[in-house]
Amino acid sequence: MPMKIVILDGYASNPGDVSWEELAAFGELTVYERTAKDEVAARIGDAEIVFLNKTPVDAAVFEQCKSLRMIGVLATGYNIVDIAAAKAHGVTVCNVPGYSTGAVAQMTFALLLEMTQHVGEHSQAVHGGQWQNCPDFCFWNAPLTELAGKTLGIVGYGAIGQAVGNIAQAFGMRLLVTARHEKPVPEGTQFVTLDELLARSDVVSLHCPQTAENLHMLDAAALAKMKDGAILLNTARGGLIDEQAVADALKSGKLAGYGADVVSKEPIASDNPLLTAPNCYLTPHIAWAPKETRLRLHHIAAENLRAFLNGTPQNVVS
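The following refers to the structure shown. Being a predicted model, the structure only gives us computed values, none of them experimental.

Parameters at a glance
Residues numbered from 1 in each chain as written. Predicted model: local features only at pLDDT ≥ 70, side-chain atom pairs only at ≥ 80, totals over all residues. Heavy atoms only, no water. Disulfide = S-S within 2.5 Å. Buried < 20%, exposed > 50% of the residue type's maximum accessible area, 1.4 Å probe, protein only. Helix = DSSP H or I, 4+ residues; strand = E, 2+ residues; numbered from the N terminus. Pairing = 2+ DSSP bridges. Right-handed = clockwise from strand over helix to strand, strands pointing away. Axes fitted to C-alpha atoms, helices over the stretch in contact; angles between N-to-C directions. Contact = heavy atoms within 4.5 Å. Phe/Tyr/Trp six-rings, centres within 6.5 Å; stacked < 30°, edge-to-face > 60°. Lys NZ or Arg CZ within 6 Å of the ring centre and 35° of its normal. Polar contact = N/O pair within 3.5 Å; in protein donor to acceptor, adjacent residues only side chain to side chain.

**Side note on the state of the cysteines**
- Following the criterion strictly, the structure yields 0 disulfides and no others.
- Looking at the unpaired cysteine 134, the closest cysteine sulfur is the one in cysteine 138, lying at 8.4 Å.
- With no disulfide of its own, cysteine 208 has cysteine 280 as its nearest cysteine by sulfur position, at a separation of 18 Å.

Right, dumping it as structure tokens:
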């Protein structure tokens, strides 16, 4: 009898533009686009392998699904799985780290370049006839800013932080870095305290995991230490900032701009103060979503399953 494999929320990482053939090669594959919380156990049934992206699996599911041997999380974060319950029931949980490093670094600079060049705004102005109707050849609607010579402060210096630093150096930016533990940094880069980084940086970019200790690490007091007119970027986790404090800093002009691919509650709540703040650029947590990135995600997930079946599991979080 072929091994049963279930994907609970396939639409999250595959809205139809890529194939599931790598996972289908391992057994009988059933793909659900979305699964409600009260449908999880029934849909897993007697399947041995389950893949998911954001569908929670709690202790009750493990109690009901006795055939379950492995959960593959189609993401890096795995807080949607009750890890203690997985251990108690002997279920291996694997995630996919590192698949989106380049894509997240790319999104970081997409946000920064939009704030410094205002490409979207100027394109709309041209299409709207503002340039052709301008009495002068020279026309722009917003101040334009060179990155060369500016100082970028990187908070968190893992793979993504390092990738962002490499791109920044190509733009001619100076680099400051801070992290929980001091690490070797390339020539021309300084490792400093968070307070020094905030005080000296023209642009601050967050690339650290969110923990209980650093929740709201950029609150009103921290923002007050930043340069007047600095730019803040967040492609890490929404809870790293105090959103009301950032909105207030944007309104006062303390911050020239805030660019983020993440917010504290996702999808974003209608009363999130960032929605009405000026010079605030928000994308819907899509840094990881280029097709090439998702193909890599699925390939590593398939390799996780192969390794598990071969008795040498990899990327194990439980």
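**Details of the pairing of strand β4 (residues 70–73)**
- Residue alternation in β4 divides its side chains into two sets, Met70 and Gly72 and Ile71 and Val73, and both sets are buried.
- Across 4 bridges, the pairing between strand β3 (residues 49–52) and β4 is parallel. Bridge pairing links phenylalanine 51 to glycine 72 in β4.
- Viewed along the sheet, the connection from β3 through helix α3 (residues 59–64) into β4 turns out right-handed.
- Pairing of β4 with strand β5 (residues 92–94), which is carried by 3 bridges, proceeds in the parallel orientation.

**Some remarks on the sheet that holds β5**
- Across the sheet, which stays open at both edges, the 5 strands sit in the order β2-β1-β3-β4-β5 with parallel pairing between neighbours. Among the strands making up the open sheet, the edge pair consists of β2 (28–31) and β5. Direction aside, neighbouring strands of the sheet carry axes that sit 15° apart on average.
- Sheet analysis places strand β1 (residues 4–7) next to β2, joined by 4 bridges and oriented parallel. Across the sheet, residue isoleucine 5 finds its bridge partner in β2, namely leucine 29.
- Sitting on the sheet, helix α11 (residues 291–309) touches β1, β3, β4 and β5, and the angle it makes with β3 is about 160°.

**Digging into the packing of aromatic side chains**
- For the structure on display, the rule yields 2 aromatic pairs.
- With 6.2 Å between their ring centres and 65° between their planes, tryptophan 131 and phenylalanine 137 make a pair best called edge-to-face.
- Its relative accessible area of 70% is what places phenylalanine 137 among the exposed residues.
- The ring of tyrosine 11 has arginine 34 lying over it, and the distance from NZ or CZ to the ring centre is 4.5 Å.

**Let's talk about the environment of asparagine 53**
- Looking at where asparagine 53 falls in the secondary structure, it is placed in the loop between β3 and α3.
- Non-local contacts of asparagine 53, meaning those with residues more than four positions away in its chain, are made with Asp9, Ala12, Ser13, Val73, Leu74, Ala75, Ile80 and Trp288.

**A word on unusual backbone geometry**
- Looking along the chain, the bond that leaves glutamate 266 and enters proline 267 is cis, with omega of -5°.
- Look at histidine 216: it is not a glycine, yet its phi comes out positive at around 60°.
- Of note, histidine 216 is situated in the loop between β9 (203–206) and α9 (220–224).
- Even without glycine at this site, asparagine 315 takes up a positive phi of about 55°.
- Within the secondary structure, asparagine 315 is located in the segment after α11.

**Notes on the environment of threonine 283**
- Note on placement: threonine 283 falls in the loop between β12 (280–282) and α11.
- Between the alpha carbons of threonine 283 and methionine 107 there is a distance of 9.4 Å; along the sequence they are 176 residues apart.
- The contact partners of threonine 283, leaving out residues within four places of it in the chain, are Met107, Leu111, Ala260, Asp261 and Val262.
- At 2.6 Å, the side chain of threonine 283 forms a polar contact with the side chain of aspartate 261.

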